[in-house]
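# Working through the structure, step by step
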Amino acid sequence: MSTTTTSGAVTPGSPILQAKNVTKTFGGAGGKMTAVDDVSVDFHAGKVLAVVGESGSGKSTLARMLLRLLPVTSGQILYQGRDVTNIRGSELRRYWTDVQAVFQDPFASFNQFFTVGQMLRRSIRLAGRSQGESDDALIERCLGYVGLKPDEAMAKFPHQMSGGQRQRVMVARALMMSPKVLLADEATSMLDASLRVNVLNVLQDLRSELDLTVLFITHDIGQACYLADEVVVMEHGVIVEQGATDEVIFNPQNDYTKRLLSDVPDLKGSLKSR
């Protein structure tokens, strides 16, 4: 079992990010709905953990609580052993530097009147980020991480790029903050099959090159198993199955997990051939 110190330091082997008995309830006197119910998940440094479930399973609500975009109803969010459930102001801004997100619709994240270069330079200024290198050098380095040619990409407007290119720009923007955790919430769901694989490979490479911890939220268990070291399956706000990817794929215990896997008939064969 992992442990944390009372000062917030992380002992070796401890999770970098944790949800501990987290619950989120919406509604008031007229009726309440529990979207996430007593969920606990550990995220270990340098690993990819996928949270899988159909629409309404609570996976995106969990992601938004981890990002501190939604308050928790009960439970705790711990980062590097420290309780960040209720931090505000400058502490929260520092947390958002370390824990970055890439969302489902990259087009909605762009200002359509800015080129990619203008948008990324503005992001650096707003974040007050300084890494001892020029803004353009930082942008070029991060665009290179995601496989884009900086000179070409920086000169383009969003409508001049493919969906996959726009999503990779969003990943590059997150990387400019030098995050320790990258949360990708349905980051490939609006892309066609070939572009999905491209973005998944980018995330896999980043995990290896930058020792980045990745939380991958998806409704597609096939994508989760392609990318992740560990899979968490959610249904109706609770975790119904959790384990190493191979264990979940080859020996599923829950009927819901089995049903998700039945929708991807070639998955086991493709994993065995890797």
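Look up a bit, the structure's there.
Here the structure is a predicted model, which means the values were calculated and not measured.

Remark: helix H4 (residues 135-145) packs on helix H6 (residues 163-175), axes separated minimally by 8 Å, with the N-to-C direction vectors making an angle of 130°. Classified by the angle between their axes, H4 and H6 sit oblique to one another. In the packing of H4 onto H6, the handedness of the crossing is right-handed. Touching Cys 142, Leu 143 and Tyr 145 of H4 are Val 169, Ala 172 and Leu 175, all from H6. Residue composition of the contact of H4 with H6, grouped by class: 6 nonpolar, no polar and no charged.

Further remarks concern the nonpolar core. Of all hydrophobic cores here, the largest spans 47 residues; its most connected members are Leu 120, Leu 143, Val 169 and Met 176. At 6 residues, H6 tops the list of elements feeding residues into this core. By size, the runner-up hydrophobic cluster in this structure holds 29 residues, among which are Met 65, Ile 77, Val 99 and Val 232.

The strand order across the open sheet formed by 4 strands is E2-E1-E4-E5, and the pairing between neighbours is antiparallel. Strands at the two margins of the open sheet, each flanked by one partner only, are strand E2 (31-43) and strand E5 (82-83). Note that strand E4 (residues 74-79) and E5 share 2 bridges and pair antiparallel. Among the inter-strand pairings, Tyr 79 is bridged to a residue of E5, identified as Arg 82.

This model, assessed by the stated rule, comprises 1 aromatic pair. The interplanar angle of 80° and the centroid separation of 5.5 Å between the aromatic rings of Tyr 79 and Tyr 95 together place this pair among those described as edge-to-face. Highlighted residues: Tyr 79 in strand E4 and Tyr 95 in helix H2 (residues 89-98), separated in sequence by 16 residues.

Attention now goes to the sheet that holds strand E7 (residues 181-185). With mixed pairing, the 6 strands of this open sheet are ordered in space as E6-E7-E8-E3-E9-E10. Both edges of this open sheet fall to strand E6 (99-102) and strand E10 (238-244), since each of them pairs with a single strand only. Within this sheet the neighbouring strands show an average axis-to-axis angle of 15°, counted without direction. Pairing of E7 with strand E8 (residues 213-218) involves 5 bridges; the strand directions are parallel. Along E8, the bridge assignment pairs Leu 182 with Val 214. Against the sheet, helix H10 (residues 255-262) makes contact with strand E3 (48-52), strand E9 (230-235) and E10, and its axis sits at roughly 110° relative to E9, the strand it touches most.

All right, on to the environment of Thr 23 then. Here Thr 23 lies in strand E1 (residues 17-28). With 51 residues separating them in the primary sequence, Thr 23 and Ser 74 have C-alpha atoms 5.2 Å apart. Thr 23 has contacts with Thr 34, Val 36, Asp 37, Asp 38, Met 65, Val 72, Thr 73 and Ser 74, leaving out every residue within four places of it along the chain.

Relative to the assigned elements, Leu 17 resides in strand E1. The class of Leu 17 is buried, set by a relative accessible area of 2%. The spatial distance from the C-alpha of Leu 17 to the C-alpha of Val 99 is 9.3 Å, given a sequence separation of 82 residues.

What counts as what
Residues numbered from 1 in each chain as written. Predicted model: local features only at pLDDT ≥ 70, side-chain atom pairs only at ≥ 80, totals over all residues. Heavy atoms only, no water. Axes fitted to C-alpha atoms, helices over the stretch in contact; angles between N-to-C directions. Helix = DSSP H or I, 4+ residues; strand = E, 2+ residues; numbered from the N terminus. Parallel < 35°, antiparallel > 145°, perpendicular 65-115°, else oblique. Left-handed = near helix turned anticlockwise from the far one by under 90°. Contact = heavy atoms within 4.5 Å. Nonpolar A, V, L, I, M, F, W, Y, C, P; charged D, E, K, R; others polar. Core = buried A, V, L, I, M, F, W, Y, C linked by side-chain atoms within 4.5 Å. Buried < 20%, exposed > 50% of the residue type's maximum accessible area, 1.4 Å probe, protein only. Pairing = 2+ DSSP bridges. Phe/Tyr/Trp six-rings, centres within 6.5 Å; stacked < 30°, edge-to-face > 60°.

These values are about where atoms sit, not about what they do.
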